[in-house]
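# An overview of the molecular structure
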Amino acid sequence: MRIILASSEVVPYSKTGGLGDVAGALPQALSRIGCDVAVITPRYTGYGKRSGDVVSHETGEMIFDDLRVPFAGAMKYAAVWRDYADGAPVYFIDNAEYFGHGYIYGSGNFDAERFAFFSRAVLELAKRIGGSPDVIHCNDWQTGFIPAYLRNVYWNDPFFARTATLFTIHNLAYQGFFEKDLLPKFGFDWQVYDGMEFHNAVSSMKAGLHFSTALSTVSPKYAEEIQTAEFGNKLDPLLRWRGGDLLGILNGVDYNEWNPATDKHLAAHYSADNLEGKLACKRDLLEKYHLPIDLDKPVVAIVTRLTSQKGIDLTREAIWRILETGAYFILLGSGAESYENYFQHVRETVPKQVGVYFGFNTALSHQVEAGADLFLMPSSYEPCGLNQMYSLKYGTVPIVRGVGGLDDTITNFERTTERGNGYKFYEYSADRLAEKFYESLMVYYDRDMWRKLQRNGMREDFSWERAAHNYLNAYHKIVGARLARGW
Ligand code: ADP
Ligand code: GLC
């Protein structure tokens, strides 16, 4: 099975969120179970102009500097770099016009143009590397153009005669809108318009949903949710229509990166059998956030993009009730200025209990996972969510809202049965969040029961191996569908 996975972010090279984690780990897991898989991603340069999301510039060796990409009425060129992350090769498209601005994502028409170019370059590079792919696995709107090019521009290219596409939705809310007048510039003729049209503009997310052989999303629950008006971002009719081709495959965790027994970022190591080191991590975290050290008090944490998706409004409303109990509150995140200002104000009001860090910091994200006792994810929607799974492994008890992947991975702890790995509420309400926090506190101060709860989580296994097998099964089905249906 020959797979090409295209993604706008790939850890350890680039990351703004969970997509980078997935595109970094899944191909390696696929390669370990015998898939021939190559990853293609942009090479972002100009780093330093905007700090944050580009993680590393170590992108291996340049293998050629003359990839020809017909685009915008001309022949454009890109250099191609290659690195071997951990088995599967990662190829980088290097074009300064589109990717030399020091950021991963910008906005508007130019962003659509950047990723339309990238998508076309993926197909040209596939041909240059040779060996027709059975499946091109596309991820989110940035790669939604790929199925559209295959069906409308490369439809009679013998190289892709058997190639199927899987389009994975990581977040339906980001749809890659652009003005329809750009379609000819991107190399499409008007017949594609119906497949991409969205309220008089064009959406590359919709292009991916419409033109791909099959669809998937990153948890079974989100696969159901997006077929409803509440979670469907106005694309639910199309998703219901394609419901028979839509799979929900839960993401995994890269336990090489996220394991408190080996994590290189931690002050001490620990595991389910010996949790002692976690206390040293808690002390270290409080010191890092310049807070007084009282190891008996619970540390409640969030690590997140500060957007409404993440239920920041609920945290904001519930925070005083959390602080009233004497708990610490620690935040690592960046995003909307209004949220940053609010948490800065909370920090200034209760400086002995609250620590904030605004920015993107990978080492600190590991340290927070290890040093905290409770982790909040009261998301308004959550396609999968990785941090709750990281929290479980780190013995940090998640309090989540039961949406998407959060509902699929977290079960409420019951004191009578001692079953469950966290706390879960459903209604989008700060009262429900506060109630779950109080419920968790009763167990927190019962040390034996708390250990039990922590261990229930630490012993869960969300490794990528399971997910990789699910993807491999899906690829086989999709190849069959492609042959039967012709696209
Ligand atoms: P999403 O992709 O919607 O942001 P996920 O839970 O899938 O949510 O993944 C978020 C990833 O980004 C996690 O690996 C998390 O640790 C990381 N992350 C989020 N915010 C930051 C930050 N400010 N600094 C470092 N890592 C962060
Ligand atoms: C998106 C989603 C998140 C998911 C991640 C990786 O960013 O918001 O829930 O875990 O993609 O699939």
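Conventions adopted
- Residues numbered from 1 in each chain as written.
- Chains lettered and ligands numbered in written order.
- Predicted model: local features only at pLDDT ≥ 70, side-chain atom pairs only at ≥ 80, totals over all residues.
- Heavy atoms only, no water.
- Near = heavy atom within 4 Å.
- Polar contact = N/O pair within 3.5 Å; in protein donor to acceptor, adjacent residues only side chain to side chain.
- Areas by Shrake-Rupley, 256 points an atom, 1.4 Å probe, with all protein chains shown as cover.
- Helix = DSSP H or I, 4+ residues; strand = E, 2+ residues; numbered from the N terminus.
- Nonpolar A, V, L, I, M, F, W, Y, C, P; charged D, E, K, R; others polar.
- Domains from an automatic or database assignment.
- Pairing = 2+ DSSP bridges.
- Axes fitted to C-alpha atoms, helices over the stretch in contact; angles between N-to-C directions.
- Contact = heavy atoms within 4.5 Å.

### Brief notes about the site of ligand 1
What surrounds ligand 1 is a group of 20 residues, the closest being K15, G18, D21, K310 and G359. Within the backbone of G18, a nitrogen or oxygen atom sits 2.6 Å from an oxygen atom of ligand 1. Within the complex, 93% of the 560 Å² of free accessible area of ligand 1 lies under protein. Looking at the shell around ligand 1, the elements that each hand over two or more residues are α1 (18–32), β13 (299–306), β14 (328–335) and α13 (387–393). With 3 residues, the top contributor of residues to the shell around ligand 1 is β13. Residue composition of the shell around ligand 1, grouped by class: 5 nonpolar, 10 polar and 5 charged. Residue-level mapping places the shell around ligand 1 at the junction of two domains, with at least three residues from each of domain 1 (2–252 + 465–485) and domain 2 (276–461).

### Quick look at the sheet that holds strand β1 (residues 2–6)
Remark on secondary structure: sheet strands pair via backbone hydrogen bonds, oriented parallel or antiparallel. Overall, mixed pairing links the 9 strands, which are arranged β3-β4-β5-β2-β1-β6-β7-β11-β12 in an open sheet. The open sheet is flanked by β3 (61–71) and β12 (246–248), the only strands paired with a single partner. Going across the sheet, the axis of each strand differs from the next one's by a mean of 25°, ignoring polarity. As judged from the 4 bridges shared by β1 and strand β6 (residues 135–139), these two strands associate in the parallel manner. Paired with I4 across the strands is I136, a residue of β6. Of the strands in this sheet, β1, β2 (36–42) and β6 are in contact with α1, which crosses β2 at around 160°. Lying over the sheet, helix α3 (residues 108–129) contacts β1, β2, β3, β4 (74–84), β5 (89–94) and β6, oriented at roughly 115° with respect to β3.

### Describing the site of ligand 2
Near ligand 2 lie 14 residues; those nearest to it are H170, N251, E382, C384 and G385. Contact distances for ligand 2 include 2.5 Å between an oxygen atom and a side-chain N or O atom of E382. One of the backbone N or O atoms of P383 is found 3.5 Å from an oxygen atom in ligand 2. Protein chains bury 93% of the 310 Å² of accessible surface belonging to ligand 2 in isolation. For the shell around ligand 2, the element with the highest residue contribution is α1, accounting for 3 residues. Of the residues assigned to the shell around ligand 2, the class counts are 6 nonpolar, 6 polar and 2 charged. Shared between two domains, the shell around ligand 2 takes at least three residues from each, and those domains are domain 1 (2–252 + 465–485) and domain 2 (276–461).

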